[in-house]
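Listed below are the residues making up each chain.
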There are 2 protein chains.
Amino acid sequence: MSKQLSNVDRVYEALRQMAADFAFKPDQRINESELSKLLGASRTPLREALNRLVAEGFLTFQNNRGFFCRSLTPKYILDLYEARVAIECEALRLACRRAKDHEITALGDYLEQIEPDYESGSDPAEQLAMDEAFHLRLAQLSGNDELGRMLRNLNDRIRYIRLIDLKRLRDKTGKRVPGELSAHSRIFLALSGRDPAAAEAAMRGHIEKRREAATEAVQIAFSQLYVPQD
Amino acid sequence: MSKQLSNVDRVYEALRQMAADFAFKPDQRINESELSKLLGASRTPLREALNRLVAEGFLTFQNNRGFFCRSLTPKYILDLYEARVAIECEALRLACRRAKDHEITALGDYLEQIEPDYESGSDPAEQLAMDEAFHLRLAQLSGNDELGRMLRNLNDRIRYIRLIDLKRLRDKTGKRVPGELSAHSRIFLALSGRDPAAAEAAMRGHIEKRREAATEAVQIAFSQLYVPQD
DNA sequence: GTATTCTAAATTGTATACAATTCTGTATGC
DNA sequence: GCATACAGAATTGTATACAATTTAGAATAC
């Protein structure tokens, strides 16, 4: 009847958020004592949480030197985008075979529901959250829990860069994100028609297009991380 | 100049092996004190290692109840096989584009080198290790570290079942594993010819065929895990 | 016999202490 | 100036102690 979440879980969630947002700068060494004070827990649960994040690829670990933030390089981000292609395309193929009609209908309703917010120049972070939610629901229609789990992990590690890319896209095109929604619609229509080849092609193109802008986004990320913003 | 590996690393490797081999039975609760005595370390580093394994999907964790072995169900194993298809097919597509000629040649040499051991009825565990090594090298030709990392994780979680499947296959076909080597050859030839479609088709069929036998292998796994062997 | 409550034992959760190691800055030699 | 050696400070690694919680079993009621 009391708290369901353990302290380690709380610390873990906080650290995951921090790591996703690069609150730790790339390759930065993490001071355990300092961090444990900040999070209001001793080093024991803190280190347990840090170890989880190492296994998930958010941090690295060196014996007797402690924990470090993952580095941020174009190669790393390009790899993550490619891994997304692998996971999402296969999930989509499976979804074409397995998703129930009512599940597809429900996803279509969701797409329509978020359309106004997506169109209007709402908060980029919200917009990205909606995008991730759509992609995740799509992946979940495969019925494969591992693929969903992997996608969630990839999303969390790539989010910081995707957010930069999204903002840039908006600036360049004046509050409108062109082609994005129609890309989602194209994927959805292929799924509705149970056409795996068309669905996969649409998904692949959709992700690939953003991947091509990733290197540039990484450059911007560095300038944001190391230069005072305003 | 002294030990490079930390105690946590040592404990982690041991636990990972145990978890892969289902030295912990599915859903079994793990007693920390007992295990720490067994591994010759205190509960602090033990729990750090256990947390890594939770993040990797080998174990689960319930607040105030501790760590448990992952459960073993046909659905779980089928999901892992599907995830392998996702990772390996995409890696292979990328390899067709990116692998250097000399890398492909080297892989071909490796394939020829292991052929005699693979053909003869050598130790099934060794045979599986060779199979995994081939698939991993293939994936690494993609140049994508994330895909390699994901495949390694999947391999470790699925190995126990694959070993059972492989033994069964040998028993049924009298020391010969038919079609296996030629499947690898077919994949390799398509890669050599830089034909992603053919390569992916061969890979997909190769994995899918074993996936179809997975449910049966899970049944056998249970009988092995809960009945004295000899 | 079954269900319920209670108590003691077992187990997990986490803070802390201290050993081992690395890091930092200063002094020394060339 | 530059490299090296060294000492002290800082940091990580891990055992241990004890609190919090769950579990197991006995006693009781129906």
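Residues numbered from 1 in each chain as written. Chains lettered and ligands numbered in written order. Predicted model: local features only at pLDDT ≥ 70, side-chain atom pairs only at ≥ 80, totals over all residues. Heavy atoms only, no water.

1. Here's the deal with the relation of the copies chain B and chain A
Piece 1. Of the transformation placing chain B onto chain A, the axial shift is 0.0 Å and the rotation is 180°, giving an RMSD of 0.0 Å. The symmetry that links the two subunits is that of a two-fold axis.
Piece 2. A shared interface surface links the copies, since 100% of the contact residues of chain B are contact residues in chain A too. (Least-squares fit on C-alpha atoms with pLDDT ≥ 70 in both. Contact = heavy atoms within 4.5 Å.)

2. Quick look at the protein's contact with DNA strand D
Piece 1. In the neighbourhood of DNA strand D, 19 residues make up the surrounding shell, with A:Arg47, A:Asn64, B:Asn7, B:Ser42 and B:Arg65 lying closest.
Piece 2. With respect to DNA strand D, the backbone of A:Ile30 contributes an N or O atom lying 3.0 Å from a phosphate oxygen.
Piece 3. Contact distances for DNA strand D include 3.3 Å between a phosphate oxygen and a backbone N or O atom of A:Glu32.
Piece 4. For the surface near DNA strand D, the elements supplying multiple residues, two or more each, are β1 (29-30) and α3 (43-55) of chain A together with α1 (7-20) and α3 (43-55) of chain B.
Piece 5. Broken down by class, the residue content of the surface near DNA strand D amounts to five nonpolar, seven polar and seven charged. (Near = heavy atom within 4 Å. Polar contact = N/O pair within 3.5 Å; in protein donor to acceptor, adjacent residues only side chain to side chain. Helix = DSSP H or I, 4+ residues; strand = E, 2+ residues; numbered from the N terminus. Nonpolar A, V, L, I, M, F, W, Y, C, P; charged D, E, K, R; others polar.)

3. Some details on the nonpolar core
As a rule of thumb, soluble globular proteins bury nonpolar side chains together.
Piece 1. Within the largest apolar cluster, 140 residues are counted, with the highest numbers of intra-cluster contacts made by A:Leu15, A:Ile77, B:Leu15 and B:Ile77.
Piece 2. With residues near it in sequence (within four places) discarded, A:Ile77 still touches A:Leu72, A:Ile158, A:Ile161, A:Ala214 and A:Val218. (Core = buried A, V, L, I, M, F, W, Y, C linked by side-chain atoms within 4.5 Å. Buried < 20%, exposed > 50% of the residue type's maximum accessible area, 1.4 Å probe, protein only.)

4. Details of the pattern of salt bridges
Piece 1. Going through the model one piece at a time under the given rule, you end up with 46 salt bridges over all chains.
Piece 2. Here B:Asp145 makes a salt bridge to A:Lys75, at a shortest N to O gap of 3.7 Å. Taken together, the positions of B:Asp145 in helix α7 (residues 145-173) and A:Lys75 in helix α4 (residues 74-98) put the pair across two chains.
Piece 3. Residues B:Arg211 and B:Glu208 are paired through a salt bridge, measuring 3.3 Å at the closest nitrogen-oxygen approach. One end of the pair is B:Arg211 and the other is B:Glu208, both in helix α9 (residues 196-211) and three residues apart, which spans about a single turn.
Piece 4. Judged by its relative accessible area of 25%, B:Glu208 is partly exposed.
Piece 5. One continuous salt-bridge network, built from bridges that share partners, spans A:Arg16, A:Glu56, A:Glu132, A:Asp156 and A:Arg159. (Salt bridge = Lys/Arg side-chain N within 4 Å of Asp/Glu carboxyl O.)

5. Regarding the side chain of B:Glu200
Piece 1. As for its placement among the helices and strands, B:Glu200 is situated in helix α9.
Piece 2. Sequence-distant contacts of B:Glu200, defined by excluding residues within four places in its chain, comprise A:Arg93, B:Cys89, B:Leu92 and B:Arg93.

6. Quick look at the protein's contact with DNA strand C
Piece 1. Taken together, 20 residues lie around DNA strand C, and A:Asn7, A:Ser42, A:Arg65, B:Arg47 and B:Asn64 are the ones closest in.
Piece 2. In the interface set of DNA strand C, defined as its atoms within 4 Å of the protein, sugar plus phosphate atoms amount to 72%.
Piece 3. Mapped onto the surface near DNA strand C, the elements with two or more residues apiece are α1 (7-20) and α3 of chain A together with β1 (29-30) and α3 of chain B.
Piece 4. Classifying every residue of the surface near DNA strand C by side-chain character gives five nonpolar, eight polar and seven charged.

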